[in-house]
Amino acid sequence: MKKTLALLLAILLVLSAAACGSQTTSSAPAAEEQTAAEEPAAAPAEEVREEAEPVEEEAAPAADDIDTVDLVVATGFNETESGGLLWKHFQETLDELSGGKVTLTVYYGGTLCGAMEELGMIESGAIDMCCLRSYPADLPLTTFPETTNLGIEETTNYYAYVFYENEESSKLLADELAEHNAVYVGSCWAGGGQVCASTVDVKTLEDMGQYACGLTNFESAWKSLGLNNINSSVGTGDIYTALNSGLIQWQILSVGPVLGLKLYEVCDYGVIMGMYGAGNNMVMNAAKWASLSDATRAVIQEAAKETMAYSIDAAISEWDENIDFMEGEGMAFCSLPQEDMDAFADALWQAACDTAYERCVAVDKGDQMITIIGAASDFYGRDWAPAE
């Protein structure tokens, strides 16, 4: 009996040990699963480090690579004019991007040289930078049509496309400027729109055709639209007096000259023509540009492009403010009917292309201008071909 009880007790002890062993064994995978679930938490940190590397590659030029340099700028714009304010914005942006290492000394209001002397000053190295306007004699390739009916922003993009983005036209324009020891920095500025200031109530091209206007650069375009009564003796400086005396009844100008000449004092009516311009390419003396480090050039170009974007917003705001101001002075504004806007835009395009081509043919650059107008046509969507 005692032997039997001892045997039974031994069997129970073995079974109990086996049960405990199975519980311990079954709990192990759970612990492993928990550890496995926790381990991937370290992976995102590695991913963050891997994703952070491209940011370092795209970082701005190191401050040590940027030259400490002061650039001399000449401009015909006064400090408070739109162009002067754009130079100030460029200066501030450049200061921020370069950490104060690239600065400007700007001579405003033509105090250093007149607008038509700036190219010569750049070429000689007397100044480092300026914004070039129209130089038909020295830079005939730049005289391709600069106005479109695409609005302020798209007109600026059109102009920049021809100068900097289209491979063929940009090279031709850069090569022409290189002949004058200068380079384009890669930025142009937005311009304003055109309005017809009138002493009589005109709303259409047909209405305008019944009255007289002053001198225009594109007489053939205006006459093709039935605007035949052109008094060529009335230049820009005579417009106020001619309108006030009744010698002419209307004149189409960019909004800037309309304000500058104070035509709102003698005109009761205004017509928005739907045409907008761009220009004022930023340029630098080629020797000065070559002397700068790649990092310095990069921040100058970045500041120039940012200033172009800023000029678009500024031009749109200024346009609205100018129209509001003239309405406040008593001018009643309307917009030219869309059909007339399209006809006006097409006539100006054809006349501007013809004039630019003829000017370039005279200096053996006719084929080059055809290429440039082709680039402009690609963006604008208007066709042109030289007369046979």
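See the structure above.
Since the structure is predicted, the reported quantities are computational estimates derived from the model, not experimental observations.

Comments concerning the overall build of the chain
Part 1 of the reasoning: Across its full length, the chain holds 14 helices and 10 strands.
Part 2 of the reasoning: Expressed as a percentage of the 388 residues in the chain, the buried residues total 41%.
Part 3 of the reasoning: Once local pairs closer than 6 in sequence are excluded, the contacts in the chain between residues at least 24 apart make up 77%.
Part 4 of the reasoning: Carbon and sulfur atoms provide 51% of the accessible area of the chain, an area that totals close to 19,700 Å².

Considering unusual backbone geometry
Part 1 of the reasoning: Although it is not a glycine, Asn280 adopts a positive phi angle of roughly 55°.
Part 2 of the reasoning: Among the secondary structure elements, Asn280 is positioned in the loop between β8 (269–279) and β9 (281–285).
Part 3 of the reasoning: Of note, the phi angle at Asp364 is positive, near 60°, even though the residue is not glycine.
Part 4 of the reasoning: Looking at where Asp364 falls in the secondary structure, it is placed in the loop between α13 (338–361) and α14 (366–380).

Topic: helix α12 (residues 294–328)
Part 1 of the reasoning: With 35 residues, α12 extends 50 Å between its outermost C-alpha atoms, agreeing within 8% with the 51 Å of an ideal straight helix rising 1.5 Å per residue.
Part 2 of the reasoning: At the exit of α12 stands Gly330, carrying a positive phi of roughly 110°.

Some details on the packing of helix α5 (residues 152–165) against helix α6 (residues 167–178)
Part 1 of the reasoning: With their axes 6 Å apart at the nearest point, α5 and α6 run at an angle of 75° to one another. What the angle tells us is that α5 and α6 run roughly perpendicular. Taken together, the residues of α6 that come into contact with α5 (itself represented by Tyr161, Val162, Phe163, Tyr164 and Glu165) are Glu167, Ser169, Ser170 and Leu173.
Part 2 of the reasoning: Looking at side-chain class alone, the contact of α5 with α6 contains five nonpolar, two polar and two charged residues.

Quick look at the packing of aromatic side chains
Each aromatic ring pair is summarised here by two numbers: the centre-to-centre distance and the angle between the ring planes.
Part 1 of the reasoning: Inspection of the entire model under this criterion finds 18 aromatic pairs.
Part 2 of the reasoning: Consider the rings of Phe163 and Tyr184, whose centres lie 5.2 Å apart with planes at 75°: the pair is edge-to-face. Remark: Tyr184 occurs in strand β5 (residues 182–184) and Phe163 occurs in helix α5; sequence separation between them is 21 residues. Of the two residues, Phe163 and Tyr184, both sit in the buried class.
Part 3 of the reasoning: Three or more aromatic residues link up through ring pairs in this structure, and these residues are Phe144, Tyr158, Tyr159, Tyr161, Phe163, Tyr164, Tyr184, Trp349, Phe379 and Tyr380.

Quick word on a negative patch on the surface
Part 1 of the reasoning: A contiguous patch of negative charge on the surface is contributed by Glu92, Asp95, Glu96, Glu302 and Glu306.
Part 2 of the reasoning: Secondary structure elements with two or more residues in the negative patch: α3 (82–98) and α12.
Part 3 of the reasoning: In terms of residues, the negative patch owes the most to one element, α3, which gives three residues.
Part 4 of the reasoning: Of note, Asp95 is situated in helix α3.

Side note on the pattern of salt bridges
Part 1 of the reasoning: Following the criterion strictly, the structure yields seven salt bridges and no others.
Part 2 of the reasoning: Across the pair Lys365 and Glu176 runs a salt bridge whose closest N-O atoms are separated by 2.9 Å. Remark: Glu176 occurs in helix α6 and Lys365 occurs in the loop between α13 and α14; sequence separation between them is 189 residues. Across the pair, exposure class does not vary: Lys365 and Glu176 are buried alike.
Part 3 of the reasoning: The shortest N-O distance in the salt bridge between Lys223 and Glu219 comes to 2.8 Å. Residue Lys223 and its partner Glu219 are located together in helix α8 (residues 219–224), separated by four residues, close to a single helical turn.
Part 4 of the reasoning: For Lys223, a relative accessible area of 39% corresponds to the partly exposed category.
Part 5 of the reasoning: For Glu219, a relative accessible area of 26% corresponds to the partly exposed category.

Looking at the nonpolar core
Part 1 of the reasoning: The biggest cluster of nonpolar side chains holds 58 residues, and the ones touching the most others in it are Phe144, Met208, Trp222 and Met273.
Part 2 of the reasoning: Top contributing element to this core by residue count: α13, with 10 residues.
Part 3 of the reasoning: Each residue touching Phe144, except ones within four places of it in the same chain, is listed here: Tyr158, Tyr159, Val162, Phe163, Ala356, Met369, Ile372 and Ala376.

Regarding the side chain of Gln194
Part 1 of the reasoning: Counting through the fold element by element, Gln194 comes out in strand β6 (residues 189–198).
Part 2 of the reasoning: Judged by its relative accessible area of 14%, Gln194 is buried.
Part 3 of the reasoning: Apart from the residues lying within four places of it in its own chain, the contact partners of Gln194 are Thr147, Ile252, Leu253, Ser254, Val271, Ile272, Met273, Gly274, Met275, Trp319, Phe344 and Leu348.

What counts, and where the lines are drawn
- Residues numbered from 1 in each chain as written.
- Predicted model: local features only at pLDDT ≥ 70, side-chain atom pairs only at ≥ 80, totals over all residues.
- Heavy atoms only, no water.
- Helix = DSSP H or I, 4+ residues; strand = E, 2+ residues; numbered from the N terminus.
- Buried < 20%, exposed > 50% of the residue type's maximum accessible area, 1.4 Å probe, protein only.
- Contact = heavy atoms within 4.5 Å.
- Areas by Shrake-Rupley, 256 points an atom, 1.4 Å probe, with all protein chains shown as cover.
- Expected span 1.5 Å × (residues − 1).
- Axes fitted to C-alpha atoms, helices over the stretch in contact; angles between N-to-C directions.
- Parallel < 35°, antiparallel > 145°, perpendicular 65-115°, else oblique.
- Nonpolar A, V, L, I, M, F, W, Y, C, P; charged D, E, K, R; others polar.
- Phe/Tyr/Trp six-rings, centres within 6.5 Å; stacked < 30°, edge-to-face > 60°.
- Patch = residues over 30% accessible without salt bridge, like charges linked within 9 Å, V, L, I, M, F, W, Y side chains within 5 Å.
- Salt bridge = Lys/Arg side-chain N within 4 Å of Asp/Glu carboxyl O.
- Lys, Arg positive; Asp, Glu negative; His and termini not counted.
- Charge placed at Lys NZ, Arg CZ, Asp CG, Glu CD.
- Core = buried A, V, L, I, M, F, W, Y, C linked by side-chain atoms within 4.5 Å.

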